[in-house]
Amino acid sequence: MEYYAVFLPLIAFVFVGLFGKMIGDRASQLITCTCVIASAIFSVMLFNDVAMNADPRILTLAPWINVGDFVVNWSLRLDTLSVVMMCVITIVSSCVHVYSVGYMSHDTAKARFMAYLSLFTFAMLMLVTSDNLLQLFFGWEGVGVASYLLIGFWNHKPSANAASMKAFIVNRVGDFGLALGIMAMFMVFGTINFTEIFESVQAHTGDVINFLGLEIHAITAIAFLLFIGAMGKSAQLGLHTWLPDAMEGPTPVSALIHAATMVTAGVFLVARFSPVFEYAPDALMFVTIVGAATAFIAATIGMTQFDIKRVIAYSTMSQLGYMFFALGVSAYGAAMFHLMTHAFFKALLFLGAGSVIHAMSDEQDMRNMGGLWKKIPVTYTMMWIGGLALAGVPLFAGYYSKDMILEAAYADHSWFGDFAFWAGIAAAFMTAFYTWRLMIMTFHGKSRASKEVQSHIHESPAVMTIPLVVLAIGAIFTGAVFYNGFVGGGHDGHAQHAENTHYNATHEDDEHAGVGHDKNLMKVMELDREMFWNDTLFVLPENDTVEAAHHVPFWVKKLPIVMGALGIVLAYIFYLFLPVLPRFFKTAFKPIYIVFFGKWFFDELYNILFVKPAWLLGKGFWKIGDKTIIDGLGPDGISSSARRIGKLLGKVQSGFIYHYAFVMVISMIGLLSWIFIRSGGIL
Amino acid sequence: MGFPILSLLTFLPLVGVFFLAFIIRGDQEFVERNAKHTALFVSLFVFILSLMLLFEFDKSDAGFQFVESYEWISLWGMNFTLGVDGISLFFVVLAGFLTPICIIASWRSIKTRVKEYMVAFLILETFMMGTFLAMDAFLFYIFFEGVLLPMFFIIGIWGGVRRVYSSYKLFLYTLLGSVLMLLAVLTLYYQVGTSSIPDLIASPVAANLQMWLWLACFASFAVKMPMWPIHTWLPDAHVEAPTAGSVILAGVLLKMGGYGFLRFSIPMFPEATQYFMPLIFWLSIVAIIYTSLVALVQTDMKKLIAYSSVAHMGFVTLGMFTLTTQGLQGAVFQMISHGLISAALFLCVGVVYDRLHTRDMAQYGGIVKNMPRYATIFMILMLGSVGLPGTSGFVGEFLTLLGAFQADILVAIFATTGVVLGAAYMLLLYRNVVFGPVTNKEAAAMSDVNARELLILVPIALMVIALGIAPNYVLDRTGPALEKLQNHYEYHIGQDMGDTNNG
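Predicted model, so just to flag it, every value in this text is computed and none were measured. Every residue gets a number counted from 1 within its own chain, in the order that chain's sequence is written. Lettering of chains starts at A and numbering of ligands starts at 1, both following the order in which they are written. With pLDDT at 70 or above as the cut-off, local features in this predicted model cover only qualifying residues; side-chain atom pairs require 80 or more to be listed or tallied, and sums for whole chains, interfaces and linings still use all residues. Where side-chain values are given, they derive from all heavy atoms of the structure, hydrogens and water being excluded.

Colleague: What is the right way to look at helix α4 (residues 114-133) of chain B in this model?
Modeller: Structural remark: α-helix, 3.6 residues per turn; residues separated by three or four positions point the same way. Helix numbering and strand numbering both begin at the N terminus, where a helix is a DSSP run of H or I of at least 4 residues and a strand a DSSP run of E of at least 2. Given the number of residues in a helix, its expected span is that number minus one, multiplied by 1.5 Å. Compared with the 28 Å implied by 1.5 Å per residue over 20 residues, the 29 Å span of α4 of chain B between its first and last C-alpha is a close match. Counting buried positions along α4 of chain B yields 17 of 20 residues, so the element is predominantly enclosed. When accessible area is computed with a 1.4 Å probe and restricted to protein chains, residues below 20% of their type maximum are described as buried, those above 50% as exposed, and intermediate ones as partly exposed.

Listed below in structure tokens is the structure:
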């Protein structure tokens, strides 16, 4: 079952990749969809075994790299953390696969597209089921390549190619940190296998790395390096510039890779390494600050963009910021909770946006939309659900997870926790505002599209709307259902273990009795946090902010809701009732608006700092270093002096190859005779 | 002594040469066709022999195997000794694998002096095999330098417009190194009284003499590698060489420098190796960063790949001279991996060059539409070159960096930047050639790879993936010999430490 869950998408990729043209589009779509849906079913079954019934397992497949002490195997680690990820990945991926059948119906390379999606799914599964850092890196880079291929899927478009390259290279900067982190891990721990690392963290808490005469706390350094990798993949401030550009890819790609799964790999990485991060308080502080800053800044940009996909992309970045500051305050469970709920509602929003774009004949600028709600009611409803979840409206999934994160940040009682809390509150307001700005600009008011486009507006086919409904169910219910399991209030430790065995016992009873899903659902809702995570997330007792979050003041719990409501109301006022207001604010706060609209000028800054200098250095090294200095002093210098001598001698300058061959043969003969003379002399 | 497999590996190509030179007669067309077939047949036979060697190789034995020894110049006590160990094994197989590929790659593109061309390649194969199999320092020297002759002619006769300049440059650099190396070998011979490589390794000379000998050998091997700043001959040689010339140059000849370091510099001069370690580290880092940046601004496809080779060889020297288990293993693996990937990348350039006769990236673009198979293979190789996990490129690169990290963290940090730059120039190459809008109608009208081209490209692409997923097949075999080398090095360094402590 484990193997099927992980390797079915690979099989689909290889088969369709090789024979896609032969078997045709329809068969390719059928194979990839079937494999991924099957993988999703197996993943849910694994979730039931591993997470619900506390039966984690590690399977070793084959050796990979064995060099001295460096021993790495291909293996599958199935514990609660990985099966949660597997379910999120495969369920969203299934929805996206099916949706793509409709969305890409006008494309000429359907088989290739489906194959890439399956490749991505496989790489992502390898990433989350890894039992060592190197296989994680394999998945990490694998998803990067799939992302590269899919962003640049329309490879005749220069903008798509530029975006895909940018994504790969900026991610490589993050990978630079991750790779160094793996090396440091090996140097300090002597292993890169998770189990061994986690078991020996406490023995290494006092270790130092000597670097440039400094003694650096080893675990902090490792945590920092791993986090740099996470920043790249999860588009955190500084390494985020690729994500908005990645919207060049087809919309299903944005939903799957750049919203629901790949970009959350960084969150997963930090959560996976909670046993290490817990002993690196400085690194955690850094994670909190970066996350909070990302959440805030991305939200400010999101309020000003006009491209519907870019708004959602900045929203994704902002929500990832939430997850990171949750990690930073040791609320790993809350981060994973938000990861899961976000996967559903953000994929829903993206696919909804895709449905809008599809209806609007590939128009993405919201200024050319408006008044769509009557024409595409299903999409409209789905977008509403996604929007409510994103804005954190009570009873929708995002409400539970986002509030938990904010409460945990508050409960951390540190200056950076407070910073994260207030940044998060501000971002919550902005989130609600830009979400309804998007809803109103897209669906309400008068249509601003051309007649031509308007005449083609149509609701998407069922193959596209059914996945939306599936995701909408997730966006509504995952919050309430999994609340207790992911972040529920703790009980007395002994009681938990007693319950643990109790649950196991009842589960067996269930199986015997053949009780169906209703009972299971009840069980999920009554899950206990510690039993559910089953030690896959490690928190030092004094850092347990998830527990503390249950005891924060009343106003802290209610403030996010108020801010969300305020954001929604304000959006209505701005964009529906008093449309002069946006223009007024634009001119009144022009400098701020320019910064927001200009995305805080990261791209321009990087261009000046890195891209241009690299180019100039390359040119300089080539023309001046290689040609002028090295060749000038070396061969060309010698050759020109040789030529001068040659001219003196008169006729040597023949320019024929034979001439040089002749010189060489003469030299060889000279050398050889020299050997013979020398050796003869000695003898 | 059993079946003389090593002698056969080395001299069978010469039998082919003899056949070509003296037996084949007739009109030109007949001669050319037969020359091709003979060369292909002989090189395939050698390849099969090299595979037999691989299968028969005892991976638990760290020493030389299949040793053959004949009296050579008895007056001086030199023997003609051949042997193979874990360090040389895969280079032999690589040379055996790439030679027939080169011949197939030249099947249509070489139109003048076909017979001489085939002769040159077969002689080259003999010299390559001899270099990796020789167990005598003089024998090694002859083969090692002999490689230059056929290569010189391959570039000089069948090369491009500036072939004279390029072959001259190649010759000049290599000659400089070879003179110094010869001096080193002679000095060793007079000092130790033998030219047998195992004996020379067993009895290192005094430390101060080691310094000079190390530098002399370094001059020769660093040129072959090539290391910065004596790398400028390589881009020119590649640009002017015919496709197969580039393939063999990047695939095998560059590895002879690294092999020389492992066979001579490190075991024979351990103290000097330790002394010069920082020099190698920093030269490697400069090679990685400098040449990567230069590769970034190239418009000539071959030049770009040539510069990338210098950067990749930087990882090799870096890993090797960390003298850590991972670094050494990574260096050898990286050489093998690069031998496959760069060879195949040059073949890929050859495929489009044969069709459009230009290496300028700007002339291409948007060819993915007409050449999907080509685009796929090129993509796999490009990702291999970038060092994507799951390809052989990753294993070599990562292990060398892992070794470097243990030796010197700062060095490792600098070297790891190559991972970012490497992605930049390779993706740029791929985008400019394969993706993008169609700018040149002739480029867009090119036909996809044919059966002959698939025959040579697909096996390499599959090898790149196979070695990325199961590198242990190689690592298990290179491991014992490299461990022995490492222990030998540490023993001598440790002894010195002991000496200084006592004194």
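Colleague: When you look at the pattern of salt bridges in this model, what are you seeing that I'm missing?
Modeller: Opposite charge on two side chains allows them to pair when their charged atoms are near. The term salt bridge refers to a side-chain nitrogen of Lys or Arg lying within 4 Å of a carboxyl oxygen of Asp or Glu. Taken as a whole and assessed by the stated rule, the structure comprises 20 salt bridges over all chains. The partner of Glu 248 of chain A in a salt bridge is Lys 157 of chain A, and the shortest N-O contact between them spans 3.4 Å. Pair noted here: Glu 248 of chain A is in the loop between α8 (242-245) and α9 (251-260) and Lys 157 of chain A is in the loop between α4 (133-151) and α5 (158-189), with a separation of 91 residues, a long-range link. Residue Arg 355 of chain B is joined to Glu 453 of chain B by a salt bridge in which the shortest nitrogen-to-oxygen separation is 2.9 Å. Taken together, the residues span a long stretch of sequence, with Arg 355 of chain B in helix α14 (residues 325-356) and Glu 453 of chain B in helix α19 (residues 451-469) at a distance of 98 residues. A residue is classified by how much of its surface remains accessible, and Glu 453 of chain B, at 4% relative accessible area, is buried. Connected via shared salt-bridge partners are Glu 2, Asp 49, Asp 55 and Arg 57 of chain A.

Colleague: Explain the pairing of strand β3 (residues 208-211) of chain A here, please?
Modeller: Residues and elements named next belong to chain A. Of the two faces of β3, the one holding Ile 209 and Phe 211 is buried and the one holding Val 208 and Asn 210 is not buried anywhere. With 4 bridges joining them, β3 and strand β4 (residues 214-217) adopt antiparallel strand pairing. Residue pairing across strands places Ile 209 opposite Ile 216, the latter belonging to β4. By this definition, two strands are paired if DSSP reports at least two bridges between them. In this antiparallel pair of consecutive strands, β3 and β4, the connection spans 2 residues, and Leu 212 shows a positive phi of 55°.

Colleague: How do you make sense of the environment of Phe 269 of chain B when you look at a structure like this?
Modeller: Residue and element names in this part refer to chain B. Tracing the backbone through its elements, the reader meets Phe 269 in the loop between α11 (243-268) and α12 (270-296). Its relative accessible area of 0% is what places Phe 269 among the buried residues. As a C-alpha pair, Phe 269 and Trp 214 span 55 residues in sequence and 6.4 Å in three-dimensional space. Residues within four places of Phe 269 in sequence aside, it is in contact with Leu 188, Gln 210, Leu 213, Trp 214, Cys 217 and Phe 264. Should any heavy atoms of two residues lie within 4.5 Å, those residues are considered in contact.

Colleague: Looking at this structure, how should I read the interface of chain B and chain A?
Modeller: By a widely used convention, the size of an interface equals the accessible area lost when the partners come together. The partner chain A presents 71 residues to the 79 residues of chain B that form the contact. Both sides together, the interface formed by chain B and chain A hides about 6700 Å², and carbon and sulfur atoms give 78% of it. The term buried area refers to how much accessible surface (probe radius 1.4 Å) is lost by two components on association, counted for both of them together. When the buried area of chain B at its contact with chain A is split by residue, Trp 76, Val 297 and Phe 405 of chain B rank highest and sum to 9% of it. The interface formed by chain B and chain A includes 0 salt bridges. Throughout this description, a polar contact denotes any pair of N or O atoms lying within 3.5 Å of each other; where both atoms belong to protein, one of them has to be capable of donating a hydrogen while the other can accept it, and for residues adjacent in sequence the pair is counted only when both atoms sit in side chains. Applying the counting criterion to the chain B and chain A interface returns 9 residue pairs in polar contact (both at pLDDT 80 or more). Residues are sorted three ways: Asp, Glu, Lys and Arg are charged, Ala, Val, Leu, Ile, Met, Phe, Trp, Tyr, Cys and Pro are nonpolar, and all the rest, Gly among them, are polar. For the side of chain B that touches chain A, the per-class residue count stands at 58 nonpolar, 16 polar and 5 charged.

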